[in-house]
Amino acid sequence: MEVYINLDIHEIVYDVQNKTYLTGKSRRDGSNHEQVANMQANDDDENANQILRSISMAFSNLKTKLGEYLNLTESTVTNELIDSDTKLTLSLKMPSNYNRSTVETLAAAAHQYIVSMAVTDWFTITHKSDAPEYATLANASLAIISEAVNKRCRPVRNVAVEP
């Protein structure tokens, strides 16, 4: 069976910006205004480009983690910066007894993994002490992804009913 997961890059970018904003806001102590401002990702070119690079890398890592199930037809890639209209789609070829009830969990965890990795990258540059927390969240998302792709349905016996 095929499972398609479409991740909206605009939602991922917003989530990265929101998490960096809230984390920066929580680090405010009244005297570190510049540091807090630098922690908060925005749409300025240098910020947006870094976030898009991080999202691209996280998505590539996610595809590696899901490699056993990935249904890819393309074999040519570039290192060009993705743009904010790029479609992030995972096409997964799952076994016939895959438990479809985990697809929503799989999509949510994939989103969270990409966001957490992008925030980890961002804080590695702007506020190193916050980066490990988001790396831990990314690893937790990978554990959820692993559990979700490995859920199977119980077999059902087809019993013929005679008239």
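Located above this text is the structure these notes cover.
Structure report, in brief.

Conventions adopted
- Residues numbered from 1 in each chain as written.
- Predicted model: local features only at pLDDT ≥ 70, side-chain atom pairs only at ≥ 80, totals over all residues.
- Heavy atoms only, no water.
- Salt bridge = Lys/Arg side-chain N within 4 Å of Asp/Glu carboxyl O.
- Helix = DSSP H or I, 4+ residues; strand = E, 2+ residues; numbered from the N terminus.
- Buried < 20%, exposed > 50% of the residue type's maximum accessible area, 1.4 Å probe, protein only.
- Axes fitted to C-alpha atoms, helices over the stretch in contact; angles between N-to-C directions.
- Parallel < 35°, antiparallel > 145°, perpendicular 65-115°, else oblique.
- Left-handed = near helix turned anticlockwise from the far one by under 90°.
- Contact = heavy atoms within 4.5 Å.
- Nonpolar A, V, L, I, M, F, W, Y, C, P; charged D, E, K, R; others polar.

**Quick word on the pattern of salt bridges**
Then comes step 1: Using the criterion set out here, one finds 5 salt bridges in the structure.
Then comes step 2: The shortest N-O distance in the salt bridge between Lys-19 and Asp-15 comes to 3.5 Å. Highlighted residues: Lys-19 and Asp-15, both in helix 1 (residues 9-26), separated by 4 residues, approximately one helical turn.
Then comes step 3: Using a relative accessible area of 22% as the deciding quantity, one classes Lys-19 as partly exposed.

**Some words on the packing of helix 1 against helix 4 (residues 103-126)**
Then comes step 1: Put simply, helix 1 and helix 4 touch, their axes get as near as 9 Å, and they point 50 degrees apart. Taken together, the axes of helix 1 and helix 4 lie oblique to each other. For the pair helix 1 and helix 4, the crossing hand works out as right-handed. Along the contact surface, helix 1 presents Glu-11, Ile-12, Asp-15, Val-16, Lys-19, Thr-20 and Thr-23, while helix 4 presents His-111, Gln-112, Ile-114, Val-115, Ala-118, Val-119, Trp-122 and Phe-123.
Then comes step 2: Partitioned by chemical class, the residues of the contact of helix 1 with helix 4 number 8 nonpolar, 4 polar and 3 charged.

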